[in-house]
Amino acid sequence: MSMDNEQLQRAAKDHLWMHFTRHGSYAEADVPVIVRGEGAYIWDSNGKRYLDALAGLFVSQLGHGRTELVEAAAKQAQELAFMPLWSYAHPSAIELADKVASYAPGDLNRVFFTSGGGEAVETAWKLAKNYFKLTGKPMKHKVISRSIAYHGTTQGALSITGLPLLKQQFEPLVPSTFRVPNTNSYRADEITGGFLDGSDPEAFGRWAADQIAVAIEAEGPDTVAAVFLEPVQNAGGCFPPPPGYFQRVREICDEYDVLLVSDEVICAFGRLGHMFGSERYGYQPDMITCAKGLTSGYAPLGAMIASDRLMEPFLEPGAMFAHGYTFGGHPVSTAVGLRNLELFEEENVLEHVRTNEPSFRATLERLKDLPIVGDVRGDGYFYGIELVKDKDTKETFTAEECERLLFGFVSKTLYHEGLYCRADDRGDPVVQLAPPLIADQSHFDEMEQILRVVLDKAYTLL
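This report concerns the structure included in the present document. Here the structure is a predicted model, which means the values were calculated and not measured.

Remarks on the overall build of the protein
Consideration 1: Helix and strand content of the protein: 16 helices and 15 strands.
Consideration 2: A compact globule built from 462 residues should have a C-alpha radius of gyration of about 23 Å, and the protein, at 22 Å, falls within 12% of that.
Consideration 3: Overall, the C-alpha framework of the protein stretches about 65 × 60 × 45 Å when taken along its three principal axes.
Consideration 4: Put simply, the protein has 462 residues, and 55% of those count as buried.

A short note on unusual backbone geometry
Consideration 1: In this model, Glu171 is joined to Pro172 through a cis peptide bond whose omega is 5 degrees.
Consideration 2: Position of Pro172 relative to the elements: it lies in the loop between helix H7 (164–167) and strand S6 (177–180).
Consideration 3: Positive phi, normally seen in glycine, also occurs at Ser87, with a value near 70 degrees.
Consideration 4: For Ser87, a relative accessible area of 78% corresponds to the exposed category.
Consideration 5: You will see that Cys238, though not glycine, has its phi angle at about 60 degrees, which is positive.
Consideration 6: Among the structural elements, Cys238 can be located in the loop between strand S7 (224–229) and helix H10 (245–256).
Consideration 7: Its relative accessible area of 0% is what places Cys238 among the buried residues.

Brief notes about the environment of Leu294
Consideration 1: Following the sequence through the fold, Leu294 ends up in the loop between strand S9 (287–290) and strand S10 (302–307).
Consideration 2: The exposure class assigned to Leu294 is buried, which follows from its relative accessible area of 0%.
Consideration 3: As for Leu294 and Met139, which are separated by 155 residues in sequence, their C-alpha atoms are 34 Å apart.
Consideration 4: What Leu294 contacts, discounting residues up to four positions off in sequence, is Leu96, Val100, Phe269, Leu301, Gly302, Gly337, Asn340 and Leu341.

Digging into the packing of helix H3 (residues 67–79) against helix H13 (residues 331–346)
Consideration 1: Remark: H3 packs on H13, axes separated minimally by 8 Å, with the N-to-C direction vectors making an angle of 145 degrees. H3 and H13 meet at a crossing whose hand is right-handed. Residues Glu68, Leu69, Ala72, Ala73, Gln76 and Ala77 of H3 lie in contact with H13, whose contacting residues are Pro331, Val332, Ala335, Val336, Arg339, Asn340 and Leu343.
Consideration 2: Its residues assigned to classes, the contact of H3 with H13 shows 9 nonpolar, 2 polar and 2 charged.

A few points about the environment of Arg271
Consideration 1: Along the chain, the position of Arg271 falls in the loop between strand S8 (259–263) and helix H11 (277–281).
Consideration 2: Separated by 214 residues in sequence, Arg271 and Leu57 place their C-alpha atoms 12 Å apart.
Consideration 3: Beyond its immediate chain neighbours, meaning those up to four positions away, Arg271 contacts Ala55, Phe58, Gln61, Ile266, Val353, Asp379, Gly380, Tyr381, Phe382, Ala434, Pro435 and Leu437.
Consideration 4: Among the polar contacts made by the side chain of Arg271, one reaches the side chain of Gln61 at a distance of 2.7 Å.
Consideration 5: Side-chain polar atoms of Arg271 contact the backbone oxygen of Ala434, separated by 3.4 Å.

Overview of the nonpolar core
Consideration 1: Core analysis: the largest hydrophobic core is formed by 69 residues, its most contacted members being Ile385 and Leu451.
Consideration 2: Listed in part, the 34 residues of the second largest apolar core include Leu54, Phe58, Leu229 and Cys253.

A look at helix H14 (residues 349–365)
Consideration 1: Over its 17 residues, H14 extends 24 Å from the first C-alpha to the last, a length consistent with the 24 Å expected when each residue adds 1.5 Å.
Consideration 2: A bend of about 40 degrees at Asn356 is the largest found in H14, and the proline Pro358 appears one to four places after it.
Consideration 3: Inspection of H14 places Val349, Leu350, Val353, Asn356, Glu357, Phe360, Thr363 and Leu364 among the buried residues, and these make up the whole buried set.

Considering the sheet that holds strand S3 (residues 49–52)
Consideration 1: What the 4 strands build is an open sheet, ordered S1-S2-S3-S13; its pairing is mixed. Two strands bound the open sheet, and with one partner strand each, they are strand S1 (34–38) and strand S13 (419–420).
Consideration 2: Two strands pair when backbone bridges link them, and S3 and S13 are joined in this way by 2 bridges, in the parallel orientation. Looking across to S13, one finds that Leu51 is bridged to Leu419.

Digging into the pattern of salt bridges
A side chain of one charge can pair with a side chain of the opposite charge when the charged atoms of the two come close.
Consideration 1: Throughout the structure, instances matching the rule amount to 31 salt bridges.
Consideration 2: The salt bridge involving Arg187 is made with Glu190; its shortest N-O contact spans 2.8 Å.
Consideration 3: With a relative accessible area of 4%, Arg187 lands in the buried category.
Consideration 4: Residues joined by salt bridges that share partners form a network here, namely Lys137, Arg250, Asp254, Asp257, Asp286 and Arg309.

Focus on the sheet that holds strand S15 (residues 430–433)
Consideration 1: Pairing is antiparallel in the open sheet, where 4 strands are placed in the order S11-S12-S15-S14. Across the chains shown, the open sheet's two edge strands, defined by having one partner strand only, are strand S11 (373–379) and strand S14 (422–424). Direction aside, neighbouring strands of the sheet carry axes that sit 20 degrees apart on average.
Consideration 2: Where strand S12 (residues 382–387) and S15 come together, 4 bridges link them in antiparallel fashion. Among the inter-strand pairings, Tyr383 is bridged to a residue of S15, identified as Leu433.
Consideration 3: In the packing of H14 onto the sheet, contacts are made with S11, S12 and S15, and the angle to S12 comes to roughly 15 degrees.

What counts and how
- Residues numbered from 1 in each chain as written.
- Predicted model: local features only at pLDDT ≥ 70, side-chain atom pairs only at ≥ 80, totals over all residues.
- Heavy atoms only, no water.
- Helix = DSSP H or I, 4+ residues; strand = E, 2+ residues; numbered from the N terminus.
- Rg over C-alpha atoms; globule rule 2.2 N^0.38 Å.
- Buried < 20%, exposed > 50% of the residue type's maximum accessible area, 1.4 Å probe, protein only.
- Contact = heavy atoms within 4.5 Å.
- Axes fitted to C-alpha atoms, helices over the stretch in contact; angles between N-to-C directions.
- Left-handed = near helix turned anticlockwise from the far one by under 90°.
- Nonpolar A, V, L, I, M, F, W, Y, C, P; charged D, E, K, R; others polar.
- Polar contact = N/O pair within 3.5 Å; in protein donor to acceptor, adjacent residues only side chain to side chain.
- Core = buried A, V, L, I, M, F, W, Y, C linked by side-chain atoms within 4.5 Å.
- Expected span 1.5 Å × (residues − 1).
- Bend = angle between axes of the 7 residues up to and from the residue.
- Pairing = 2+ DSSP bridges.
- Salt bridge = Lys/Arg side-chain N within 4 Å of Asp/Glu carboxyl O.

Function cannot be read off these values alone, since they describe shape.
Pasting the structure below:
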């Protein structure tokens, strides 16, 4: 027997420990309880409808209520509900690995399944260290990533993450990770110490990429194993790469024999109009980490995709990558993932994103006439709107203003007005938008209209 609204609220407050949640804020307020989804919309327990402008958490690529994915899960669960991939295999994992490898760029032909994105990042770092130990360079173990970049919450992935406030309460973390500047062109002047102002994106991209070489030299090339980069950096509010950035990074990694890991937990599976973000920006990684959109959220699943070169040492007699997860490559999840990617093809999802991307961008850029909107940036169906106190000087908010304005007003009011998205201050204050890949102009217009009303009001509260 299911709980009624009152019982749900009491049980949520008494027993459910929510993720990244300020539980104190629900002492007097109700916990939002989402009960149903259909297409690009979700409904709460009071029957109110919201536009899901974040695809859950950059996950729900094909939208909610897809019976095809539900049926794939049910069919697999009846046939084989569980089997680990520890020296055994099952058809849905084999077939999905084959399908994923067919999309992955270059010789990324080996698919290691995990339960989610953080585990995929852990797997990539462990593989990098293990690979170099087996190939005569045992000192190579360090990782370079970008400032403000988020790579997960597990101890290793959190160590690679570049957000000090997210890390400090869990320190000491795994040592040997180092940060380089990110590609926020809007803040290029600050990032480069006044050396570049961002007006020449190619020059800024070259400078940012070269900082990776500086970091490798500073640490010693014989000790650096990998560089972890997202195609479009999420934290801080959607930083696309400047022209030539990844091409230069690839050159640097080749020069120093450092592995390039493309962290595509968000960017893979259509978010940028391609199966993989590295394809969109024309670079060849040594590994890809992915999750989220692989199943459109209908079952938990992640993957680390590695090049043939990285697999070679593990094909020797007696060799083993001593790593794995109980639920990595779960039969039901992989069956759902396989059907999900089939639907991508049947419904031309990638083409839909690429066709509609210009109108999505143009619709959001209409908001630039508001005094609080400093920058609109992103690609595909993945955008960030940076909020500022002064457009001319790009002055951002104080911590107090951010708390009062972003969390106290913007976040709550957008939700109240029927828009589920993310207002975040990791880096500078941003509103992030990443709708299901089925979204069209009607959804873009709805986002813009709600954002316009709320952000216009927010500026008057400064």
